[in-house]
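The primary structure of each chain is shown beneath.
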Amino acid sequence: MGKIIQLSKNVINQIAAGEVIERPFSVVKELIENSIDAGASKISAEIANECRDIRVADNGSGIYPDDIVLAFSKHATSKLKSEEDLYNIKTMGFRGEALASIISISKVICVTRTKEFDYGTKVECANSEIKQTQTGCAVGTIMEVRDLFYNIPARLKFLKSPKTEFAYISEFLQSAAIIHPEISFELKFNGKTTFKTSPTDNQLLSVKEIFSADTASHLKEVAKTDKLSGLKITGYVSSPDYTRASKKDYYTYVNSRPVKCPVFQKAIDMVYRNLIGSKYPFIILNLEIPPADVDVNVHPSKREVRYKNPNQIFNFISSSVRDALQSRIEDLEYKNYDKISEFESSEKEDAFVPAETNISEIFSKPIEKTQSELVYLNPDRSERINKNNLPPQHLQSKLVDEPEYVQKDIIIGQYKKTYILIEKENGLEIVDQHIAEERYIYEKLKESKNINCQLLFISDVLPVSVSDKELLETNKDKLLKYGYEIDFISDTEVIFRKIPQILSKIPPKDILADILENISGDIDNIEEKILITTSCKAAVKANTYLNQYQMEEIINNWRTCKNPETCPHGRPISKFFEHKELSKLFQRNK
């Protein structure tokens, strides 16, 4: 081992930059947050040269000439004065690391002026070296970052395509515009404006401009204050009839800082669980909390937070969302209450049946005797069901020709309308109906060279974000290969021309949401992800009643799979309990 040496200033900054500046998005995020902290009412960002040239301009307060060199130094900031301030953070930035990190991995020109001076200051930075001169300019700051990662070629190899990198940037600008409707934002990519907002004091108008009038029309306002604890929450949540297939549209903030917060998500999910099932709402919520009660200095990205009292926060968020949706919740509970006391769960929410469920259907199946929702018994296990007397099979049944019945499984019935119970000679096998069929469909699609498609003569116009549009456009050919033909009618609207035939009964907006959920932000192995998305969407869902023939068909198809142990996501499909294990539970082995 060699002698210990002191690293140079530039190397130290490059090491730090590895944590703070992961990709072009990180640079834009840091500069935009500085502009917000500077009180800007207008912020524009221009991206070029495969996202390696970035220009952010604002009309904020600017930087004093005497402070400009210090601003690019390590751990220099105007936002903290003492150790106590670290527990009372009210600004987006506070560590004083970003600018020093940026100038160590790019060439930077900064032009800035405060209102107290008739002239501005220009600094040119490269390799952590700074040159300062006077110049004429308007009040505010312009940051030009050029040739990002020019001196770290290894970092360039890890970047995604320019359109994907730009998608990260676009999503951040969109998130910033939502929480700061009073600021006018503009984003340009290779000289073309892709995103622009008008300043307003009405967040709902901003939502309408960023997303669509349809989205805004389905939102309910959330506004609650707890003066005793200093908590306040504002924003909007979607009504139960307006859903998404993923949590991609959860815009959650703490003190106007965008965060990914498990407490937030669990509180929201708990309220919506009985309203929309496996779907997700559209959420814009900002929690205002005394800075001393939340720690934002948890992660370099500042997206994670810790609360002094997480249980209090959880209850406050969930009660606020519940209040906004209260009329709908009460209506649902009134319609769905069913007095089947012997089958009630100890949990309150399990005493209700979803509104979409036909109560009479549960008790009028062609079975031997009245059943609960829990287990459906066969009328006669010894003989096959007459297919002609049964309801039509689910939409996946004609994906391929029916396989030969190699061995007839003795299917006892269905548990919770989700699991198929199979009696074996030496025990009990439980199969998850959704992922068993998902595995079968996935393998058939993987083997197939030609995907049967369904032409859509009439298709809904589907709103998308600029970043989502870029992602779909980049992968248009790969999507087409697997049966999805998409047309782009504007920068924020798309329509389906064709979809896989097995998805013909699925609403196009749900298909699009699932595609974006599975490929957004990560395009590695995208063709595999498209196949997985298609098979998951086409497979029978959990909480779906199946008749005897449908259960037999799923099990027999699954038995033919090459890899029957797990679904394409890696989840186990079945679980086997030996008879002696069950006997032991009831002390029959003595």
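Residues numbered from 1 in each chain as written. Predicted model: local features only at pLDDT ≥ 70, side-chain atom pairs only at ≥ 80, totals over all residues. Heavy atoms only, no water.

A. Spotlight on the pattern of salt bridges. Per the counting criterion, the structure on display carries 23 salt bridges. The salt bridge involving K469 is made with E473; its shortest N-O contact spans 3.3 Å. Pair noted here: K469 and E473 are both in helix α13 (residues 466-474), with a separation of four residues, about one helical turn. Given a relative accessible area of 9%, K469 falls into the buried group. You can call E473 partly exposed: its relative accessible area is 29%. Among the salt bridges present, the one from D487 reaches R497, with a minimum N-O distance of 2.7 Å. Placement of the pair is D487 in strand β22 (residues 485-490) and R497 in strand β23 (residues 493-500), with a sequence separation of ten residues. On the accessibility criterion, D487 (23% relative accessible area) is partly exposed. By relative accessible area, R497 is classed as partly exposed at 35%. Bridged by salt links that share partners, the residues E46, R55, E144 and R146 form one connected network. (Salt bridge = Lys/Arg side-chain N within 4 Å of Asp/Glu carboxyl O. Helix = DSSP H or I, 4+ residues; strand = E, 2+ residues; numbered from the N terminus. Buried < 20%, exposed > 50% of the residue type's maximum accessible area, 1.4 Å probe, protein only.)

B. Quick look at helix α6 (residues 162-179). Helix length check: α6, at 18 residues, gives a terminal C-alpha distance of 26 Å against a target of 26 Å (1.5 Å per residue), a fit within 8%. Burial within α6 is extensive, with 15 of its 18 residues counted as buried. (Expected span 1.5 Å × (residues − 1).)

C. Focus on the environment of Q433. With respect to the helices and strands, the residue Q433 is situated in helix α12 (residues 433-447). Since its relative accessible area comes to 0%, Q433 is described here as buried. When the C-alpha positions of Q433 and N543 are compared, they lie 9.6 Å apart, and in sequence the two are 110 residues distant. Once residues lying within four places of it in the same chain are set aside, the contact partners of Q433 are Q414, K417, T418, Y419, I420, V540, K541, A542, N543, T544, L546 and I554. Within the structure, Q433 has its side chain in polar contact with the side chain of Q414 (distance 2.9 Å). Looking at Q433, its side chain comes within polar contact range of the main-chain oxygen of K417, at 3.1 Å. (Contact = heavy atoms within 4.5 Å. Polar contact = N/O pair within 3.5 Å; in protein donor to acceptor, adjacent residues only side chain to side chain.)

D. Quick peek at the sheet that holds strand β9 (residues 219-226). If you trace the five strands from one edge of the open sheet to the other, you get β9-β10-β13-β11-β12, paired in mixed fashion. Sheet topology places β9 and β12 (257-258) at the edges, where each strand pairs with a single neighbour. Inspection of the sheet shows strand β11 (residues 250-254) paired to strand β13 (residues 283-288) by five bridges, in the parallel sense. The partner of V254 across the bridge, within β13, is L287. Each of β11, β12 and β13 is contacted by α6, which is oriented at about 60 degrees to β11, the strand it contacts most. (Pairing = 2+ DSSP bridges. Axes fitted to C-alpha atoms, helices over the stretch in contact; angles between N-to-C directions.)

E. Geometry of the pairing of strand β1 (residues 42-48). As paired strands, β1 and strand β7 (residues 184-189) are joined by six bridges and run parallel to one another. Residue pairing in the sheet places I43 in a bridge with F185 of β7. Here β1 pairs with strand β2 (residues 53-58) via six bridges, running antiparallel. Pairing of E46 across the sheet is with R55, part of β2.

F. Expanded view of the packing of α6 against helix α7 (residues 203-210). Running from amino to carboxyl end, α6 crosses α7 at an angle of 155 degrees, the nearest separation of the two axes being 9 Å. Here α6 lies roughly antiparallel to α7, going by the angle between them. Mapping the contact onto sequence places Q174, A177, I178 and I179 in α6 and Q203, S206 and I210 in α7. Across the contact of α6 with α7, the residue classes tally to four nonpolar, three polar and no charged. (Parallel < 35°, antiparallel > 145°, perpendicular 65-115°, else oblique. Nonpolar A, V, L, I, M, F, W, Y, C, P; charged D, E, K, R; others polar.)

G. The arrangement of the sheet that holds β1 in detail. Across the sheet, eight strands lie side by side as β5-β4-β3-β6-β2-β1-β7-β8; this open sheet has mixed pairing. Where the open sheet ends on each side, the last strands, each with one partner, are β5 (129-135) and β8 (192-196). Neighbour-to-neighbour, the strand axes of this sheet turn through a mean angle of 15 degrees, independent of strand direction. Relative to strand β6 (residues 140-146), strand β3 (residues 107-113) runs antiparallel, the two being bridged by seven bridges.

H. Seen up close, the confidence of the model for the chain. Residue-level pLDDT values for the chain average 78, and 75% of them are 70 or greater. Averaged over each element, pLDDT in the chain is lowest for helix α11 (residues 359-362) (33) and highest for β1 (97). Under a pLDDT of 50 for its full length, residues 333-406 has, in the predicted model, 101 contacts with residues more than four places off or in other chains. (pLDDT = per-residue confidence, 0-100.)

I. Summary view of the pairing of strand β19 (residues 427-432). Taken together, the six bridges between strand β18 (residues 419-424) and β19 define a ladder with antiparallel strand orientation. Looking at the pairing, Y419 lines up with D432 of β19. The hairpin turn running from β18 into β19, its antiparallel successor, is two residues long. Two elements, β19 and strand β24 (residues 574-578), share five bridges in a ladder whose sense is antiparallel. Looking across to β24, one finds that G427 is bridged to E578.

J. Representation of the nonpolar core within the structure. By size, the foremost hydrophobic cluster in this structure holds 55 residues, and its most contacted members are I32, I47, F72, L173 and F185. Counting residues per element, this core draws most heavily on α6, at eight residues. By size, the runner-up hydrophobic cluster in this structure holds 44 residues, among which are I411, L462, L479 and M551. (Core = buried A, V, L, I, M, F, W, Y, C linked by side-chain atoms within 4.5 Å.)

K. Region of interest: the packing of α6 against α13. Contact geometry for α6 and α13: axes closest at 8 Å, N-to-C directions at 165 degrees. Considering their axes alone, α6 and α13 lie roughly antiparallel with respect to each other. As α6 runs across α13, the sense of the crossing is left-handed. Facing α6, whose interface residues are K163, T164, F166, A167, S170 and E171, α13 presents V466, S467, D468, E470, L471, E473 and T474. Looking at the contact of α6 with α13 residue by residue, the class counts come to four nonpolar, four polar and five charged. (Left-handed = near helix turned anticlockwise from the far one by under 90°.)

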